[in-house]
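Observations on the model geometry
Listed below, chain by chain, are the residues.
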2 protein chains.
Amino acid sequence: MDDALAFSALVLALSGQLVQEIHARVSQQGFEDLRPAHGFAFARISLGGATTADLAEHLGVTKQAAAQLVEELVRKGYVVRHPHPHDARARLLGLTEAGWAATRAADQAARAAVVPWREALGEARFSELVADLTRLTPPGPIRPVW
Amino acid sequence: MDDALAFSALVLALSGQLVQEIHARVSQQGFEDLRPAHGFAFARISLGGATTADLAEHLGVTKQAAAQLVEELVRKGYVVRHPHPHDARARLLGLTEAGWAATRAADQAARAAVVPWREALGEARFSELVADLTRLTPPGPIRPVW
DNA sequence: TCTTCATGGACAAGTTGCTTGTCCATATGG
DNA sequence: CCATATGGACAAGCAACTTGTCCATGAAGA
């Protein structure tokens, strides 16, 4: 009956744990100058066609905040800004080789972090859970509202 | 196969959504001067016997940060500091009537936020999920590592 | 009992990752 | 063309943390 509260708290704790674990693994791979939020930026940029404003929306922050994040990633050599082919105002974001490497590292880390869940639930129930999550979690900015 | 990444991202998104929804409901009940983190502080304080240092550990922040949070809650009339019966250094934290009201509001909000999940999964599978979460999520500070 | 170390808490200052506010150049639609 | 919207840059401000330091009290060993 009191599952509701437990559920919320546990989901919170789980998400914190996943982020922390993925971040730890990525750091350990040599990307010590990256924060968790950067991984979500990479995820969006790697899809292609992203501008700073797109990134801002994806991360759920102001475009100024996104611009600062992009500036940092450019300075550290993970991201490059290309001129936009059809819009002289905009700059298309792309990943450098280091950016792609970091993205791959984050992918691997995420896989590793989820292994206990795959094993505990079994593939079938795990897939069901992912399906439920996909169905019930409205698309929105990837960001902790704290 | 690529469920791993999706799983992590979805859990993140879900936790953000839950926090946001609970916070919105609590605000709407008239507690507009509370932030999401305060709810977790209330949860710990309501158990009784909590000191500022206990709270710091529970929230995963430094004790200075916890002290600031407590100071704020005291100033806003949600929390009171009692002398500790067996330790002249420590102060026991307690909730005022307003603090209890906020805690009840947060409880209700959490229940409401979880309703879609109960309905979508059914009680049986929902309970299973909570059990899995309890089993697989190591106890740790309730805090978004971002 | 005395000494030593650990702990709860307070005070002060610094850092950071965001925000709001403002501006410009370019695009878009009437 | 002109009015409005949009991508982006620059600047300043802020809130929630951090580190650093200190003191009073408690706990444990010689």
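Rules and cut-offs
- Residues numbered from 1 in each chain as written.
- Chains lettered and ligands numbered in written order.
- Predicted model: local features only at pLDDT ≥ 70, side-chain atom pairs only at ≥ 80, totals over all residues.
- Heavy atoms only, no water.
- Salt bridge = Lys/Arg side-chain N within 4 Å of Asp/Glu carboxyl O.
- Buried < 20%, exposed > 50% of the residue type's maximum accessible area, 1.4 Å probe, protein only.
- Helix = DSSP H or I, 4+ residues; strand = E, 2+ residues; numbered from the N terminus.
- Near = heavy atom within 4 Å.
- Polar contact = N/O pair within 3.5 Å; in protein donor to acceptor, adjacent residues only side chain to side chain.
- Phe/Tyr/Trp six-rings, centres within 6.5 Å; stacked < 30°, edge-to-face > 60°.
- Axes fitted to C-alpha atoms, helices over the stretch in contact; angles between N-to-C directions.
- Parallel < 35°, antiparallel > 145°, perpendicular 65-115°, else oblique.
- Contact = heavy atoms within 4.5 Å.
- Nonpolar A, V, L, I, M, F, W, Y, C, P; charged D, E, K, R; others polar.

- Chain A appears in an unreviewed UniProt entry as MarR family transcriptional regulator from Streptomyces inhibens.

1. Digging into the pattern of salt bridges
- Throughout the structure, instances matching the rule amount to 18 salt bridges over all chains.
- Across the pair A:Asp87 and A:Arg89 runs a salt bridge, and its minimum N-O distance is 3.0 Å.
- Given the relative accessible area of 23%, A:Asp87 is considered partly exposed.
- Of the residues examined, A:Arg89 reaches a relative accessible area of 73% and is grouped as exposed.
- With a shortest N-O distance of 3.4 Å, B:Glu21 and B:Arg25 are connected by a salt bridge. Taken together, the positions of B:Glu21 and B:Arg25, both in helix α1 (residues 3-28) and four residues apart, correspond to about one turn of that helix.
- Residue class for B:Glu21 comes out partly exposed when judged on its relative accessible area of 23%.
- When salt bridges that share partners are traced, they join A:Arg125, B:Glu128, B:Asp132 and B:Arg135 into one network.

2. Digging into the protein's contact with DNA strand C
- As a matter of local geometry, DNA strand C sits amid 18 residues, with A:Thr62, A:Gln64, A:Ala88, B:Lys63 and B:Arg89 nearest to it.
- For DNA strand C, the backbone makes up 49% of the atoms found within 4 Å of the protein, where backbone means sugar plus phosphate.
- The side chain of A:Gln64 places a nitrogen or oxygen atom 2.8 Å from a base oxygen of DNA strand C.
- B:Ala53 is positioned with one of its backbone polar atoms (N or O) 2.9 Å from a phosphate oxygen of DNA strand C.
- Counting only elements with at least two residues in the surface near DNA strand C, the list comes to α4 (63-75) of chain A together with α3 (52-59) and α4 (63-75) of chain B.
- Residue contributions to the surface near DNA strand C peak at three residues, all from α4(A).

3. Quick word on the packing of aromatic side chains
- Inspection of the entire model under this criterion finds eight aromatic pairs over all chains.
- A ring pair is formed by B:Phe42 and B:Tyr78, whose centres lie 5.7 Å apart and whose planes are at 55 degrees; its orientation type is tilted. With B:Phe42 in helix α2 (residues 36-46) and B:Tyr78 in the loop between α4 and β1 (79-83), this residue pair connects regions lying 36 residues apart in the sequence. Grouping residues by exposure puts B:Phe42 and B:Tyr78 together as buried.
- Linked through ring pairs, A:Phe7, B:Trp117 and B:Phe126 together constitute an aromatic cluster.

4. A few points about the packing of α2(B) against α4(B)
Residues and elements named next belong to chain B.
- Taken N-terminus to C-terminus, the directions of α2 and α4 make an angle of 90 degrees; their axes are 11 Å apart at the nearest point. When the interaxial angle is binned, α2 and α4 end up roughly perpendicular. Contacts between α2 and α4 involve His 38, Ala 41 and Phe 42 from the first element and Leu 69, Glu 72 and Leu 73 from the second.
- For the contact of α2 with α4, a count of residues per class yields four nonpolar, one polar and one charged.

5. Some points on the environment of A:Glu128
- Of note, A:Glu128 is situated in helix α5 (residues 97-136).
- Separated by 36 residues in sequence, A:Glu128 and A:Leu92 have C-alpha atoms that sit 37 Å apart.

6. Things to note about the protein's contact with DNA strand D
- In the vicinity of DNA strand D, 18 residues are found, and the nearest of them are A:Lys63, A:Arg89, B:Thr62, B:Gln64 and B:Ala88.
- Of what DNA strand D places within 4 Å of the protein, 49% of the atoms are sugar or phosphate.
- Interatomic distance of 3.2 Å between a backbone N/O atom of A:Thr52 and a phosphate oxygen of DNA strand D.
- Separating a base nitrogen of DNA strand D from a side-chain N or O atom of A:Lys63 is a distance of 2.6 Å.
- Those elements that place two or more of their residues in the surface near DNA strand D are α3 (52-59) and α4 of chain A together with α4 of chain B.
- It is α4(B) that provides the largest number of residues to the surface near DNA strand D, a total of three residues.
- Residue composition of the surface near DNA strand D, by class: five nonpolar, six polar and seven charged.

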